[in-house]
Amino acid sequence: MYAQMVKSTGLGVKSRDEMSPEEARFQDRIDAGDKIEPKDWMPEGYRATLIRQIAQHAHSEVVGQLPEGNWITRAPTLERKAILLAKVQDEAGHGLYLYCAAETLGVSRDELTEALLSGEMKYSSIFNYPTLSWADIGAVGWLVDGAAIMNQVPLQRTSYGPYSRAMIRICKEESFHQRQGFDIMMKMANGTEAQRRMAQDAVNRFWYPSLMMFGPSDKDSVHSAQSMAWKIKINTNDELRQKFVDQTVPQAHYLGLTIPDEALAFNEDTGHWDYSEPDWSEFYAVLKGNGPCNDERMAARKTAWDDGQWVRDGLLAHAEKRAHRTAAE
Amino acid sequence: MDPLFEFCLRMGDNTLVLGHRVSQWCGHAPVVEEDIALANTALDLIGQTQLWLGLAGEVEGKGRDADALAFRRDAWDFRSVLLVEQPNGDFGNTLLRQYLFDEWQALMLAALKRSTDTRVAAIAAKAAKEVAYHVERSRGTVVGLGDGTAESHAKMQAALDRLYPFVGELFATDATDEAVAEAGIAPLPSDLRAAYDAALAATMAEATLTIPDSRWTHAGGRDGSRHSEHLGHLLTEMQWLQRAYPDATW
């Protein structure tokens, strides 16, 4: 998942005494592990939080095409080019499933797109970082998709039916993405001196931004409690981040690459890797729009949308003409 | 040069160059469905390139594989038609270029399925399935935008006027074509023109677009005698990593 800092109601979790009878019944269903379906009653806060979260994920998939698309025309072999095209195609497809899931909550895809372009809605901070060498395509698959999977796997069990089902399809494809990223890193890490340099440089630049993908530390994550009570969120940010670090560090060692964290050490007591927190001021700056590529990413999406207006209008006009002609026959 | 080698280059360079062009759309399409469709089309074309250039390397027998042919030849050794080298322009221009190519490719592949060379016939059988979908989609989009709003109609007519002068090269016929036709490997391109014209006329009528009167054509791509200026830039980008790090494997 690519959802960070998704605002919930901001009111905290209601106690049983504070809930209306409808809210209490709803919470019972959630607690019993029922799936909530589009036509079922749901609290407005649940609906609004889900829309924000699913849309943020959808926008991330769509914007996420850009940093990877940056290397399709320069992919070093035909096979690598084909694999990258397939991956980016999958991502656009994930965007589509997720927009469809959001639409079941009573919002249109065009409204969501407008909200992205106006800056009202966000996408994951990670896509505001540039892809500067071919190794970055490996690092994006290995680290970025790896971090995304950590979030997505538990979300297959999320309480909202359409979201859960979208996530099940997405997870199947994401694990393939992560493997292709790792495969690129293996080639680079075992390649020439220049390739090893590219691989290490990619890890240096993508490590902390990948850790940021899980969102701020639990102590600063003000909206998590309600989302967890509703099973829109299954694990805390820090739990998932730790899981990611534990999984990734041995992989980096296997590749012979260095994680850019001098404090990184295996803690025998906890059985986990201790690691340094990312620079959260950078994270907040990126969310505010001051990441290395925020302006370019938004400009590219805005141009695509604006330049595509005549195409959407033209195809719609044609469909109406056809419907009219069919009706006249 | 072996005519079969040359023929495979012509097929594979067309799909490589067009696949590259289409892939440039990634993340920039008018709607997400089009992002998916464009990436899918590019993926098919790159997959076909692997097959055609793979066969070219096998026929040549000098140890060059598909990647060596794609990434280590200079522009003058490419055999792509000028149509596919043309820049994307707007979405309508891209889809019109795609349609003009798809309709030709579908006819060519249908004939190649009967090739006396079983390797050629096998590639054609696989590619024809993909191209049937490409034609359906590019044709539908050309019709939709041609017969859409006044603005979309005007843009599509301008695209047709711009690109039609590149169509004739698809049907040019030289000694290489005669040699592979003689061997029963491939049809004479000129023999495909009548069916192409009929398909184009039907599509453009439905799209309310006017096919230019003149059949005059630009040429020089498929025999490598005079490519467009665009090809050099495209290859500079595409081949950069292989050229900059010749001792690396990826």
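Just so you know, these numbers come straight off a predicted model, no measurement behind them.

Cut-offs used in this document
Numbers given to residues run from 1 along each chain, matching the order in which its sequence is written. The naming scheme follows written order: chains are lettered A onward, ligands numbered 1 onward. Reporting in this predicted model follows two pLDDT cut-offs: at least 70 for local features of residues, and 80 or more for side-chain atom pairs to be given and counted; totals over whole chains, interfaces and linings ignore these cut-offs and use all residues. Note that the side-chain values use all heavy atoms of the structure and ignore hydrogens as well as water. Grouping buried Ala, Val, Leu, Ile, Met, Phe, Trp, Tyr and Cys residues that are joined through side-chain atoms within 4.5 Å yields what is termed a nonpolar core. When accessible area is computed with a 1.4 Å probe and restricted to protein chains, residues below 20% of their type maximum are described as buried, those above 50% as exposed, and intermediate ones as partly exposed. Contact criterion: two residues are considered in contact whenever any of their non-hydrogen atoms come within 4.5 Å of each other. When two parts are put together, the accessible area they lose, computed with a 1.4 Å probe and summed over both, is reported as buried area. When a carboxyl oxygen of Asp or Glu lies within 4 Å of a side-chain nitrogen of Lys or Arg, that pair is called a salt bridge. By the criterion applied in these results, polar contacts are pairs of N or O atoms within 3.5 Å in which, for protein atoms, one can donate a hydrogen and the other can accept it, and in which residues neighboring in sequence qualify only through two side-chain atoms. Each residue is assigned to one of three groups, with Ala, Val, Leu, Ile, Met, Phe, Trp, Tyr, Cys and Pro labelled nonpolar, Asp, Glu, Lys and Arg labelled charged, and all others, Gly among them, labelled polar. Comment: elements are numbered from the N terminus, with helices defined as DSSP H or I runs of at least four residues and strands as E runs of at least two. Values of pLDDT, ranging from 0 to 100, describe the predictor's confidence in every residue of the model. Multiplying 1.5 Å by the helix residue count minus one yields the expected span of that helix. Think of a patch as exposed residues, more than 30% relative accessible area, with no salt bridge, where like charges cluster within 9 Å and nonpolar side chains (Val, Leu, Ile, Met, Phe, Trp, Tyr) cluster within 5 Å. Here the accessible surface of atoms and residues is derived via Shrake-Rupley with a 1.4 Å probe, and residues count as covered only by protein chains that are part of the display. Positive: Lys, Arg. Negative: Asp, Glu. His and the chain ends are not part of the count. Working definition for charges: the position is that of NZ of Lys, CZ of Arg, CG of Asp or CD of Glu.

Draft legend 1. Region of the structure containing the nonpolar core. Ranked by size, the top nonpolar core spans 140 residues in total, and within it Trp134 of chain A together with Leu112 of chain B carry the most contacts. Not counting residues within four places of it along the chain, the set of residues in contact with Trp134 of chain A comprises Trp71, Ala75, Pro76, Arg80, Leu84, Ile184 and Met188 of chain A together with Leu241 and Trp250 of chain B. By size, the runner-up hydrophobic cluster in this structure holds 33 residues, among which are Val107, Tyr160 and Trp230 of chain A together with Val32 of chain B.

Draft legend 2. Summary view of the interface of chain A and chain B. Taken together, the 47 residues of chain A in the interface contact 49 residues of chain B. Across the chain A/chain B interface, buried area totals approximately 4000 Å², and carbon plus sulfur atoms make up 69% of it. For the interface between chain A and chain B, the tally reads 3 salt bridges. Where Asp147 of chain B meets Arg325 of chain A, a salt bridge forms, and the shortest distance between an N and an O atom there is 3.1 Å. Viewed at the interface, chain B and chain A are joined by 13 residue pairs in polar contact (both at pLDDT 80 or more). Of the residues assigned to the side of chain A that touches chain B, the class counts are 25 nonpolar, 11 polar and 11 charged.

Draft legend 3. How the structure looks around the pattern of salt bridges. One pass over the structure, following the stated rule, counts 33 salt bridges over all chains. Residue Lys321 of chain A is joined to Asp147 of chain B by a salt bridge in which the shortest nitrogen-to-oxygen separation is 3.2 Å. Separated into two different chains, Lys321 of chain A in helix 13 (residues 309–328) and Asp147 of chain B in the loop between helix 6 (118–146) and helix 7 (150–163) make up a pair that spans both. Its relative accessible area of 32% is what places Lys321 of chain A among the partly exposed residues. Within this structure, Glu6, Arg10, Arg79, Asp174, Asp177 and Arg222 of chain B form a network of salt bridges that share partners.

Draft legend 4. A look at the confidence of the model for chain B. A residue-level look at chain B finds 100% of positions with pLDDT of 70 or above and a mean pLDDT of 97. Of the two predicted TM-score estimates for the complex, the pTM is 0.96 and the ipTM is 0.97.

Draft legend 5. A look at the environment of Tyr46 of chain A. Residues and elements named next belong to chain A. Assignment of secondary structure puts Tyr46 in helix 2 (residues 44–63). For Tyr46, a relative accessible area of 0% translates into the label buried. For the pair Tyr46 and Asp90, spaced 44 residues apart in the sequence, the C-alpha separation amounts to 28 Å. At a separation of 2.8 Å, a polar atom in the side chain of Tyr46 contacts the side chain of Ser159. Within polar-contact distance, the side chain of Tyr46 engages the backbone nitrogen of Tyr160 at 3.4 Å.

Draft legend 6. Up close: helix 13 of chain A. Along its 20 residues, helix 13 of chain A runs 28 Å from first to last C-alpha, staying within 8% of the 28 Å computed at 1.5 Å per residue. Considered for burial, the residues of helix 13 of chain A that qualify are Trp310, Val311, Arg312, Gly314, Ala317 and His318 of chain A. Considering only its buried residues, helix 13 of chain A is in contact with helix 12 (294–307) of chain A together with helix 5 (91–112), helix 6 and helix 7 of chain B.

Draft legend 7. Spatial organisation of a negative patch on the surface. Residues and elements named next belong to chain A. A cluster of acidic side chains, namely Glu103, Asp110, Glu111 and Glu114, defines a negative patch on the protein surface. With 3 residues, helix 5 (residues 109–117) is the largest single contributor of residues to the negative patch. By secondary structure assignment, the location of Glu103 is in helix 4 (residues 78–103). Residue classification places Glu103 among the partly exposed residues on the basis of a relative accessible area of 34%.

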